[in-house]
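Read off the chains here:
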Amino acid sequence: MRLYLKLSGLLVGLFISTNSIALTLPFTENFATDAAGWTTGDIGTPATYVGSGGPDGSSYISSLIPANAVLFTPGRFSPASPEVLFRCQDPGCSGDAFKGTWLNQVGKLSWYIRHSADIPLNAYIRLAPTGTDTGMGFIPNFPGASAFANEFTMTLNPNEWTEVVLPIQPEYFSSFSNTSFEAVFSQIDFLQIGLEGPGNYSQDSEFTLDLDMVHIAPVPLPAGAWLMLSGTIALIGAAKRRRLAAH
């Protein structure tokens, strides 16, 4: 049995291996002891670590939105723009476990989020590399893939922890910075999580955005891989039985 388990783990590892040493699959950032290098939307400002009260009662991180702050300022081509309120993009953030080639490697991204605004809001995420040399100079934080939770899950009601689950497939993203799914996910370095709401939204009192259990899972093994694994284990079992019979 021990041999079978070792072989099973080896084969699974071969099928979900990545092109980057840093990328860890599966991985969950649960902020066990600190903010793990995550910042607020203001680059360089550490997120606030909270020791208890997360979805499972444990620790999480939080970002404070001041009273009367104006969010979701309308963009040139949209009635409102999303607001990034958490960033994992500094070197060493989450041990660099999210950094690497996601294409054909990461199958799902999920996170738990909670806000205390006085209206329902929508979850937002943007994923991007450190930057790209376009031939006309280096453009940081480009290209990026953006997704809005109302396109694949529910609206976020106030004061409730909600799990947002995002399959890493082209149809679940709204834009790729005028590039392609393949161009973006060939290297991911930045996770930018936030909210979307009505244009120029503000409220008289401050509110918070809380984050926990940011998780990436590998692309499921293809059926052929499981058949190969089962067949290999069967051959090893037969060989072991023959050796035992010979004794």
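Structure first, text after, so check above.
Quick caveat, the model's predicted, so the values are computed rather than measured.

Visitor: Hey, could you go over the side chain of T40 for me, with residue numbers and the actual values?
Guide: Relative to the helices and strands, T40 is located in strand β2 (residues 39-40). Once residues within four sequence positions are removed from consideration, T40 is found in contact with T45, P46, A47, S63, L85, F86 and R87.

Visitor: Now, about the sheet that holds strand β5 (residues 83-88): what can you tell me, with residues and values included?
Guide: A sheet is described by the order of its strands in space; here five strands give the open sequence β2-β5-β12-β7-β10, paired in antiparallel fashion. Because the sheet does not close on itself, it has two edges, and the strands there are β2 and β10 (145-148). One ladder, built from seven bridges, connects strand β7 (residues 122-128) with strand β12 (residues 190-196); its direction is antiparallel. Bridge pairing in β12 places I125 opposite I193.

Visitor: Would you mind going over unusual backbone geometry in detail, with residue names and values included?
Guide: Residue L25 is joined to P26 through a cis peptide bond whose omega torsion reads -10°. Within the secondary structure, P26 is located in the loop between α1 (2-16) and β1 (27-29). Geometrically, the link from F142 to P143 is a cis peptide bond, its omega value of -5° lying close to zero. Among the secondary structure elements, P143 is positioned in the loop between β9 (138-140) and β10. Even without a glycine there, the phi angle at D96 is positive, about 60°. Inspection of the secondary structure puts D96 in the loop between β5 and β6 (106-115). Notably, N200 is not glycine yet its phi reads approximately 55°, a positive angle. Along the chain, N200 falls in the loop between β12 and β13 (207-218).

Visitor: Tell me what's going on with the packing of aromatic side chains, and back it up with residues and numbers.
Guide: Taken as a whole and judged by the stated rule, the model has 11 aromatic pairs. Plain terms: the ring middles of W38 and F98 are 6.3 Å apart, the flat faces sit at 90° to each other, and that makes the pair edge-to-face. Placement of W38 in the loop between β1 and β2 and of F98 in the loop between β5 and β6 is noted, with a sequence separation of 60 residues between them. Between the aromatic rings of F173 and F185, the centroid separation amounts to 5.3 Å while the plane-to-plane angle is 65°, which identifies the pairing as edge-to-face.

Visitor: Any details on the state of the cysteines? Residues and values, ideally.
Guide: Cysteine pairs can be linked by a disulfide, which is a covalent bond between their two sulfur atoms. Summed over the entire model, instances satisfying the criterion amount to one disulfide. Disulfide pairing is shown between C88 and C93; the S-S distance is 2.0 Å. Between C88 and C93, the disulfide has an S-S torsion of -130° and is therefore left-handed. Judged by its relative accessible area of 3%, C88 falls in the buried class. A relative accessible area of 3% means that C93 is categorised as buried.

Visitor: Go over the pattern of salt bridges, please, and point to the residues and values.
Guide: Tallied over the full model, the rule gives two salt bridges. One salt bridge in this structure joins K99 and D96, with 3.3 Å as the shortest N-O distance. Given the relative accessible area of 17%, K99 is considered buried. Between R114 and D210 there is a salt bridge, with its nearest N and O atoms 2.9 Å apart. Here the residue R114 occupies a position in strand β6, and D210 occupies one in strand β13, the gap between them amounting to 96 residues. The residues R114 and D210 share a single accessibility class, namely buried.

Visitor: Which residues make up the pairing of β7, and what values go with them?
Guide: Burial runs high along β7: seven of the seven residues are buried. Taking every second residue as pointing to the same face, both faces of β7 are buried, with N122, Y124, R126 and A128 on one and A123, I125 and L127 on the other. Across four bridges, β7 lies against β10 in antiparallel orientation. Note on β10: the bridge partner recorded for I125 is A147.

What counts and how
Residues numbered from 1 in each chain as written. Predicted model: local features only at pLDDT ≥ 70, side-chain atom pairs only at ≥ 80, totals over all residues. Heavy atoms only, no water. Helix = DSSP H or I, 4+ residues; strand = E, 2+ residues; numbered from the N terminus. Contact = heavy atoms within 4.5 Å. Pairing = 2+ DSSP bridges. Phe/Tyr/Trp six-rings, centres within 6.5 Å; stacked < 30°, edge-to-face > 60°. Disulfide = S-S within 2.5 Å. Buried < 20%, exposed > 50% of the residue type's maximum accessible area, 1.4 Å probe, protein only. Salt bridge = Lys/Arg side-chain N within 4 Å of Asp/Glu carboxyl O.

Function cannot be inferred from these measures alone, as they are strictly geometric.
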